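A look at the structure
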Amino acid sequence: MRSKSMALVIAICLVMQSFWAPIEGAFSINARAAVLMDPATGKVLYAQNENQRLPPASVTKVMTMLLILEAVHAKRVTWDETITASATAAGMGGSQIYLKEGETMPLRDMFKAIAVVSANDASAAVAEHLYGSLEDFIDAMNEKAKTLGLKNTHFANETGLPDPSHYSSAYDLAVISRHLLQYPEVLKFTSIWLDSLRSGKFILRNTNELLKAYRGADGLKTGHTAEAKFCLSATAVKGGFRLLSVILGADTDAVRVSQSKRLLDYGYRTFERRLVQKAGSDVGLITLPEASPAKIPVRLRTDFAVVVERGKEQLITTRLVPDKKLRLPVTAGQRVGSLQAEVSGVSVGSAPVYTTKAAHRANFLVRWWRMFADWVSGFFRRGKR
């Protein structure tokens with residue numbers, strides 16, 4: 001009887017301990033650095049050594065692919081355009097598709113080789129085609145990093161091959177990956193498991209094992225060198241909710257896959273995407289003190305959704321905030337502010353709002369009277385306190 005009672009006490013203690021266990025710091029990733037991000041908003045959902053400067057290996061190619069896709073969308077190059085391999089490209093070494101000097105392929109195949117097997121020779125060939133030289137392409141990579149506001153990134157090459165001056169961070173790579181995902185066609189390439197080049201003579205097998213190991217995974221880019229260890233920028237989508245994870249410095253390929261799975265599972269277990277308002281919704285009246293009328297109806301043009309911790313969706317509140325630099329008059333259809341979503345007073349997202357009616361600047365007497373009325377109202381509120 002005593003043993004049964006003791007077992008019951010121990011069981012109760014173990015259960016209570018699970019309730020008392022601290023949430024903060026309880027979850028960690030077995031790697032040098034990690035980030036989990038909502039790519040729709042850029043909100044960081046988990047971070048571990050996220051700003052530490054580390055060698056990114058071939059995860060570097062998220063920037064390489066971003067510049068290529070920007071060039072395609074700017075119509076500086078087409079997917080069918082012929083790319084010719086130079087002697088420099090053919091001699092890159094490392095991960096490659098063994099281009100020969102003078103060999104040609106359409107950009108589509110070169111990009112496929114970069115996305116699927118991390119081909120250094122294809123990366124160099126496309127970089128030279130777009131910018132004339134590798135040096136100019138690398139300058140463009142670093143300029144883009146500055147434009148994105150990255151503080152812990154410097155590229156010395158377009159491939160990720162080891163170099164003391166080549167580094168990035170988990171957070172910076174997540175930001176680059178997020179911008180890459182703004183071009184959805186990238187996923188048509190990064191989700192390929194098996195394919196071929198040269199009329200089926202050269203087989204491509206994706207280096208990203210997460211594609212087979214995790215439901216919903218469809219990208220994004222692996223990396224590995226002895227210095228960087230095993231790295232992965234990964235993305236998956238479940239029920240329309242996309243997450244982005246970055247793992248740097250895992251000990252083995254199996255570890256980077258397992259830790260990416262853990263990080264994505266943590267995200268889907270802990271957070272959810274909630275629709276706040278649908279596109280086209282009239283969301284109320286925004287107050288512009290110097291306008292006539294002072295309250296103007298506004299609406300959303302796109303769906304407004306936010307990511308919140310599970311169980312806190314009922315705590316979402318919204319408020320309309322006018323743009324600080326807004327100048328009158330305003331026309332119908334003009335952006336005038338944003339709809340802010342908050343949970344317990346903490347912002348969880350915002351969306352721009354647009355007027356449905358025009359408004360002009362009120363005359364001096366009206367503006368003076370409003371200012372006086374606000375002062376009187378504030379005076380009495382302070383008096384009541």
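Placed above this text is the structure.
Heads up: these notes are all about the structure in this document.

Along the polypeptide, R256 turns up in helix α10 (residues 253-270). Beyond its immediate chain neighbours, meaning those up to four positions away, R256 contacts T207, T222, G223, H224, F230, C231, L232 and A250. At 2.7 Å, the side chain of R256 and the side chain of D253 are in polar contact.

With that out of the way, let us pick up the packing of aromatic side chains. A complete count under the given rule lists ten aromatic pairs for this structure. A centroid spacing of 5.4 Å and a plane angle of 80° characterise the contact between Y131 and F137, whose relative ring orientation is edge-to-face. Judged by its relative accessible area of 28%, Y131 falls in the partly exposed class. Among the residues examined, F137 registers a relative accessible area of 1% and is labelled buried. Between R76 and the ring centre of Y131, over which it is positioned, the NZ or CZ distance is 5.0 Å. Of note, R301 hangs over the ring of Y354, and the distance from its end group to the ring centre comes to 3.8 Å.

Under the defined criterion, the tally for this structure stands at 17 salt bridges. In this structure, the salt-bridge partner of K312 is E309, at a minimum N-O distance of 3.7 Å. On the basis of relative accessibility, which here comes to 38%, the residue E309 falls in the partly exposed class. Each of D109, K112 and D195 takes part in salt bridges that share partners, so that together they form one network.

Criteria and thresholds
Residues numbered from 1 in each chain as written. Predicted model: local features only at pLDDT ≥ 70, side-chain atom pairs only at ≥ 80, totals over all residues. Heavy atoms only, no water. Helix = DSSP H or I, 4+ residues; strand = E, 2+ residues; numbered from the N terminus. Contact = heavy atoms within 4.5 Å. Polar contact = N/O pair within 3.5 Å; in protein donor to acceptor, adjacent residues only side chain to side chain. Phe/Tyr/Trp six-rings, centres within 6.5 Å; stacked < 30°, edge-to-face > 60°. Buried < 20%, exposed > 50% of the residue type's maximum accessible area, 1.4 Å probe, protein only. Lys NZ or Arg CZ within 6 Å of the ring centre and 35° of its normal. Salt bridge = Lys/Arg side-chain N within 4 Å of Asp/Glu carboxyl O.

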